[in-house]
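# Coordinate inspection notes
Chain by chain, the residues run as shown.
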Amino acid sequence: MEGEVEATLYLAGSLNSGFTRLSRATEDMLQEMAVYANIHYEAIDPNNDKHFSAKSREQLENSLARYHYMPTAIYERNRQGQQSETIVYPFLRLRQEEREQWVNLLTNQRGLSGAENLNSSIESLEYLIAEALHCLQQTERSRVVFLEGHGELPEQNTADVQQSLARYFDVYRGQITDEADCLKPFKAVIIADPQLPFSDKDKYIIDRYLMQGGTVLWCLNGVQFSTQVLTDAGFTPVTPLDLNLSDMLFRYGIRINSRLLQDVQCLPVPVDVSQDPERPQYQPMPWYFAPLLLTNPDNAVTRNLTQVNALFPSDISLVGEDDTIEKEILLVTGNASRVIPTPGEVDLGDLNADLSQFTYSYIPVAASLEGVFPSFFAHRMLPEEVTGASAVEPRKTRQVVVACGSVARNEVQQGQVLPAGYDRYSNMQFGNRDFIVNAVLWLTDDSGLIALRRKSIPLRLLNESVLRSDLSLFQAAGIVLPLFILALAALIILLIRKKRYTR
């Protein structure tokens with residue numbers, strides 16, 4: 001690092017034991033990093049009116065809002081049953097001259113207890129702070145591009161992911177030209193939900209880009225459907241989607257199957273159950289075609305991520321026996337899933353599925369690939385319209401393949417962009433945005449920084465019910481047992497002295 005960095009920790013003051021542990025772990029990490037770099041930090045309690053005015057607190061919250069960060073409310077109940085509310089600010093600001101980076105120290109995975117989420121936050125500390133320092137020190141930013149020209153998601157439906165990636169990269173959108181190396185300036189290429197087939201020219205340029213060490217994030221549907229027809233008519237046909245990419249992906253070692261997945265663990269959808277059309281009564285019903293995908297806890301891309309929602313996903317198969325290509329599953333369905341062949345039909349009137357048919361478990365939906373890939377155009381004629389083509393030697397690179405285009409999609413409501421992975425009906429935020437960002441960071445990570453996300457700290461929790469029921473016993477043991485050990489030690493020493501000096 002060059003230059004001085006000022007770090008301000010806002011997680012301070014009167015905190016419960018869990019957040020106190022997170023605060024101390026953050027200070028310890030900053031102290032450790034300060035040994036090797038010029039980092040000065042201070043801890044500030046925004047709830048302390050003597051040192052932090054109401055105006056300063058408002059300015060802090062406005063700064064956090066620009067990054068979609070919000071303070072966290074903690075509700076606790078003491079032994080007398082009284083409930084208290086505390087507002088905490090689990091954020092760290094790193095500042096160097098006129099540049100600054102904000103770090104959200106708190107991870108929140110649905111289904112985990114508060115203690116487990118705080119432990120996950122401590123596991124992620126080193127990566128989050130190191131990543132923010134890396135962004136702070138960047139003098140030249142890499143470029144990533146969202147491809148267009150094949151019916152991909154429009155800019156308004158990828159705006160949230162683009163805004164998140166803009167923290168690390170210069171983000172572009174554009175089409176493939178006739179120039180063989182038109183993708184070479186970009187560190188990563190993102191192909192988000194295309195609907196039209198790729199030409200041989202486009203395939204050649206993408207293949208050439210990969211052979212030169214470029215990286216690609218594929219978000220592809222295996223089936224074709226229309227959400228607009230489904231909304232208007234209540235049903236939509238589902239057919240295989242031919243993007244003319246199956247042969248190239250198969251060459252790289254992966255296949256997207258033209259099948260539709262359902263899962264019991266899914267998003268709800270409001271359904272009118274009233275028999276009177278003038279008085280609709282909506283109740284949530286499971287929408288099995290929108291499963292909540294589980295993340296791989298052992299992978300740097302998906303570790304400590306909450307579930308990822310997907311609409312009409314397909315499954316993937318890892319093919320080939322090339323040991324030089326490392327493949328790892330990133331997203332899977334739950335333990336009660338169903339595979340539906342296509343062509344078929346999706347009908348909103350048929351929501352009561354037979355759960356006995358959900359006999360599959362953990363079907364893979366996304367995977368990462370790393371290695372030296374064989375060129376799809378080896379020993380093939382090159383497309384005539386390509387200009388500037390020359391021989392290239394394959395280099396080691398990375399790819400991520402997701403068999404669902406909606407993973408990278410965000411909704412737009414009244415002209416306002418909603419976060420990717422946000423479900424308006426259940427008002428729940430899922431991990432779509434973080435998954436896409438982490439995938440791109442892994443694809444472009446030359447220094448191995450993202451490997452810090454694999455860090456694991458075992459959590460040893462006490463049994464709260466046993467602790468409450470046997471509290472008196474534990475208190476008595478905590479008082480009596482040390483005294484008994486002390487008395488026993490004194491007796492042994494007395495006997496030894498008596499035996500020694502009696503002689």
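No experiment lies behind these values; they were computed from the predicted model shown. (Residues numbered from 1 in each chain as written. Predicted model: local features only at pLDDT ≥ 70, side-chain atom pairs only at ≥ 80, totals over all residues. Heavy atoms only, no water.)

## Quick look at the sheet that holds strand β5 (residues 91-96)
One open sheet holds the 4 strands; their spatial order is β2-β1-β5-β6, and the pairing between them is mixed. Of all strands in the sheet, those with a lone pairing partner are β2 (39-43) and β6 (99-104), marking the two edges. If you compare each strand with its neighbour and ignore which way they point, the axes differ by 20° on average. Where strand β1 (residues 5-9) and β5 come together, 4 bridges link them in antiparallel fashion. Residue pairing across strands places T8 opposite R93, the latter belonging to β5. Its contacts with the sheet put helix α3 (residues 114-137) on β1, β2, β5 and β6, and the angle it makes with β6 is roughly 165°. (Pairing = 2+ DSSP bridges. Helix = DSSP H or I, 4+ residues; strand = E, 2+ residues; numbered from the N terminus. Axes fitted to C-alpha atoms, helices over the stretch in contact; angles between N-to-C directions. Contact = heavy atoms within 4.5 Å.)

## Section: the sheet that holds strand β11 (residues 223-224)
The antiparallel open sheet is built from 3 strands, whose spatial order is β11-β12-β21. With one partner strand each, in any of the chains shown, β11 and β21 (344-347) form the two edges of the open sheet. Alignment of β11 against strand β12 (residues 235-240), held across 2 bridges, turns out to be antiparallel. Residue pairing in the sheet places Q224 in a bridge with T239 of β12.

## Section: helix α2 (residues 54-65)
Every α-helical turn comprises 3.6 residues, leaving residues that sit three or four positions apart pointing alike. An ideal rise of 1.5 Å per residue puts 16 Å on 12 residues; α2 measures up with 16 Å between its terminal C-alpha atoms. Within α2 the residues assigned to the buried category are R57, L60, S63 and L64. Projected down its long axis, α2 carries its buried residues within an arc of 120°, all on one side. Those residues of α2 that are exposed and aimed more than 90 degrees away from the buried face are A54 and K55. Its buried side turned inward, α2 meets β5 and β6. (Expected span 1.5 Å × (residues − 1). Buried < 20%, exposed > 50% of the residue type's maximum accessible area, 1.4 Å probe, protein only. Arc of directions from axis to C-beta.)

## Focus on the pattern of salt bridges
A side chain of one charge can pair with a side chain of the opposite charge when the charged atoms of the two come close. As enumerated under the stated definition, the model contains 15 salt bridges in all. Between K203 and D247 there is a salt bridge whose closest N-O contact spans 3.0 Å. Within this pair, whereas K203 is found in helix α5 (residues 200-211), its partner D247 is found in helix α7 (residues 246-252), the two being separated by 44 residues in sequence. Through salt bridges with shared partners, one network takes in D178, K201 and D202. (Salt bridge = Lys/Arg side-chain N within 4 Å of Asp/Glu carboxyl O.)

## Considerations on the confidence of the model for the protein
Scored by pLDDT, the protein has a mean of 88; 98% of the residues are at 70 or more. Between the elements of the protein, mean pLDDT differs from a low of 74, seen in helix α9 (residues 464-469), to a high of 97, seen in strand β10 (residues 215-219). (pLDDT = per-residue confidence, 0-100.)

## With respect to the pairing of strand β22 (residues 364-372)
Of all 9 residues in β22, 7 are buried, a share of seventy percent or more. Looking at chain direction, strand β19 (residues 326-332) and β22 are connected through 6 bridges and run antiparallel. Residue L331 lies in a different strand from β22, and its bridge partner there is A366. In terms of strand pairing, β22 meets strand β23 (residues 396-402) through 7 bridges, oriented antiparallel. Opposite S368, over in β23, you have V400 as the bridge partner.

## Regarding the packing of aromatic side chains
One pair of aromatic rings is described through two measures. These are the centre distance and the angle between the planes. One pass over the structure, following the stated rule, counts 12 aromatic pairs. Measuring from centroid to centroid gives 5.3 Å for Y204 and F377, while their planes differ by 90°, and the two rings are edge-to-face. In this pair, Y204 is assigned in helix α5 and F377 in the loop between β22 and β23, connecting sequence segments 173 residues apart. By relative accessible area, Y204 is classed as buried at 6%. (Phe/Tyr/Trp six-rings, centres within 6.5 Å; stacked < 30°, edge-to-face > 60°.)

## What about the environment of E61?
If you trace the backbone, E61 turns up in helix α2. Along the primary structure E61 and C135 are separated by 74 residues, whereas in three dimensions their C-alpha atoms are 22 Å apart. Sequence-distant contacts of E61, that is, excluding residues within four places in its chain, are made with P71 and Y89. Here Y89 takes part through its side chain, which lies 2.9 Å from a polar atom of the side chain of E61. (Polar contact = N/O pair within 3.5 Å; in protein donor to acceptor, adjacent residues only side chain to side chain.)

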